[in-house]
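One letter stands for each residue in the lines below.
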Amino acid sequence: AKSSFKRFNFERFKKIGGKTGTLRGGTPNGQRDWFVMFAKDKGDIGNISIAVMNINLEKWRIKAAFLAKLITNFYFNRVQVDTVRLKLAAHDKEK
């Protein structure tokens, strides 16, 4: 998971944690890779908990931790944009 979170902005979070794991067998046949995490923002954006299970049929192409990082970045960046928009809209109404 460490390599999946290169260039990740850990400074913006009050708390963050995660756990990796793998499973073998099952249908479809392949390598199962899982990652669970939580992140609590220092600001007023909020918190997120994520669980990702990924099945790579032939080779390890994408790891679950990398997908969790993408989801976290999307969530906090998207929520931040929406929060700014709401604050601007409220400010415009006050005028």
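Note that the structure is predicted; figures quoted are calculated from it, not measured.

Caption draft 1: Structural context of the overall build of the chain. Helices and strands together make up the secondary structure of the chain, namely one helix and three strands. Each helix (α) and strand (β) of the chain, taken in turn from the N terminus, gives the series β-β-β-α. Here the chain holds 95 residues, and the buried ones make up 28% of them. Put simply, of all contacts in the chain between residues at least 6 apart along the chain, 48% involve residues at least 24 apart.

Caption draft 2: Summary view of the pairing of strand S3 (residues 47–56). Alternating positions in S3 separate cleanly, Ile48, Ile50, Val52, Asn54 and Asn56 being buried on one face and Asn47, Ser49, Ala51, Met53 and Ile55 remaining unburied on the opposite face. Sheet topology places strand S2 (residues 31–41) next to S3; 10 bridges connect them, and they run antiparallel. Of the residues in S3, the one forming a bridge with Met37 is Ile50.

The rules behind these values
- Residues numbered from 1 in each chain as written.
- Predicted model: local features only at pLDDT ≥ 70, side-chain atom pairs only at ≥ 80, totals over all residues.
- Heavy atoms only, no water.
- Helix = DSSP H or I, 4+ residues; strand = E, 2+ residues; numbered from the N terminus.
- Buried < 20%, exposed > 50% of the residue type's maximum accessible area, 1.4 Å probe, protein only.
- Contact = heavy atoms within 4.5 Å.
- Pairing = 2+ DSSP bridges.

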